[in-house]
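# Tertiary structure, described
Residues per chain, in single letters:
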Amino acid sequence: MNVQVLKDIPSDQLVPSMRYITVALDVTCDFCHDPKSFDSDDKPQKVTARKMMTMMLAINKDNFNGRREVTCYTCHHSNSKAANIPTALAVAAANGPGGAMPPTNGGPAGPPAAAPSAGNAAPSAASMPTVDDILAKYTAALGGSAAVVKITTLSEKGTTEAPARGMHSAMEVLRKAPNKALAILHAPSGDVAEGYNGTMGWQQRPEHGIEDVAGDELVRTRLWAAFIPGLNLKQEFARVQLAGVDKIGDRDAYRVIAARAGGGQVRFYFDKESGLLLRISERIESFLGALPQETNYSDYRDVNGVKMPFSVIVAHADGPTIYKWEQIQANLTVDDARFDKPAEKAAQ
């Protein structure tokens, strides 16, 4: 493998870093790489990318004590060529109607700050519920703890669609309490599978075979494998606290921040009125930068006395992935071995 600038980072950070570049510059892998030979240095864009990464690392080292303050996106803003002069449209959009003119000292421009209105005033601490109250209401909204504990397995079948990538395929997911999961995407080029057996995560793709999941991707796999997301926050995270109320669409939602022991946090949004989970917001970390990811839940329906979301939309920086479940069944017999990493087939 022809890795030069990023040769000293953990191996599990290499692919996420490459994905970060594709979003930060709004390009695909073949912008820098020859699809027939990824190791080749023939494309000048690949040489330039190395120079840009070296420059970015030096800026952070020399000016921010090595902290990742400047990233590819800082200059590129999802353009392959970074702009060196603001456009009139960009300035107008930043200032807004009736906004202030850009300052003459080179500082950031923006509209004048508005005084908070009574309708948008933050609720007082006395009027806010506790995290325990929110989680208790969530449990009750699902159907109550007695109904929840009776469900030990779930089988979800439906379709997944990624409009930006032109993908539309059948998909099925198996789950077993408390944290085992298996997803199988029936793609035209062959099945793509992802699993977590409670300890380790893995992926199986036709073009890459079977691979272990590690690093930040493993952290997100554990979150995805939670039997009912958001239900056991206090057991799964080191610290959980209520941070306020936000709008999710037209709904008011309590924002609960859950912090991991090893660093990083995840935001959970619970509908203020119904109590149901509306969104999980997190960041996908890489060596070069972080990308936001939001998982949105809706269309809750009754399954064996427990409400389950039949619509799940995962919003990535490169477009949404939409899961529509046509059928969710509970308490089917599922062997634990289904979630284990498959054995490699012997060469013929």
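Above this text you will find the structure in question.
Given the structure is predicted, the values throughout are model-derived calculations rather than measurements.

Counting its regular elements, the protein contains eight helices and 13 strands. Out of the 348 residues in the protein, the part that is buried amounts to 38%. Carbon and sulfur atoms make up 54% of the accessible area of the protein, which totals about 20,100 Å².

Tracing the backbone through its elements, the reader meets Thr 321 in strand β13 (residues 319-330). Not counting residues within four places of it along the chain, the set of residues in contact with Thr 321 comprises Thr 160, Glu 161, Ala 162, Arg 165, Val 312, Ile 313, Val 314 and His 316.

The end-to-end C-alpha separation of helix α1 (residues 14-25) is 17 Å, in line with the 16 Å expected for twelve residues at 1.5 Å each. The buried fraction of α1 amounts to nine of the twelve residues, a majority that puts the element mostly inside the structure. Among all positions in α1, only Leu 14, Pro 16, Ser 17, Tyr 20, Ile 21, Thr 22, Val 23, Ala 24 and Leu 25 are buried. Residues of α1 that are buried sit in contact with α2 (44-63), α3 (72-76), β10 (277-285) and β11 (290-303). Asp 26, located one to two residues past α1, shows a positive phi value of around 55°.

Our focus in this paragraph is the packing of aromatic side chains. Under the counting rule described, the total for this entry stands at three aromatic pairs. Arg 301 extends its terminal NZ or CZ atom over the ring of Phe 310, reaching a point 4.3 Å from the ring centre.

Let us look at the pattern of salt bridges. Here the structure, examined in full by the defined rule, presents twelve salt bridges. A salt bridge links Glu 69 to Arg 67, with the shortest nitrogen-to-oxygen separation between them at 3.2 Å. Its relative accessible area of 43% is what places Glu 69 among the partly exposed residues. Between Glu 156 and Arg 175 there is a salt bridge whose closest N-O contact spans 3.5 Å. Residue Glu 156 is located in strand β1 (residues 153-162), and its partner Arg 175 is located in strand β2 (residues 167-176); the two are separated by 19 residues in the primary sequence. For the pair Glu 156 and Arg 175, one class covers both residues: buried. Through salt bridges that share partners, Arg 251, Asp 271 and Glu 273 make up one connected network.

Analysis parameters
- Residues numbered from 1 in each chain as written.
- Predicted model: local features only at pLDDT ≥ 70, side-chain atom pairs only at ≥ 80, totals over all residues.
- Heavy atoms only, no water.
- Helix = DSSP H or I, 4+ residues; strand = E, 2+ residues; numbered from the N terminus.
- Buried < 20%, exposed > 50% of the residue type's maximum accessible area, 1.4 Å probe, protein only.
- Areas by Shrake-Rupley, 256 points an atom, 1.4 Å probe, with all protein chains shown as cover.
- Contact = heavy atoms within 4.5 Å.
- Expected span 1.5 Å × (residues − 1).
- Phe/Tyr/Trp six-rings, centres within 6.5 Å; stacked < 30°, edge-to-face > 60°.
- Lys NZ or Arg CZ within 6 Å of the ring centre and 35° of its normal.
- Salt bridge = Lys/Arg side-chain N within 4 Å of Asp/Glu carboxyl O.

Worth remembering: the numbers are spatial, not functional.
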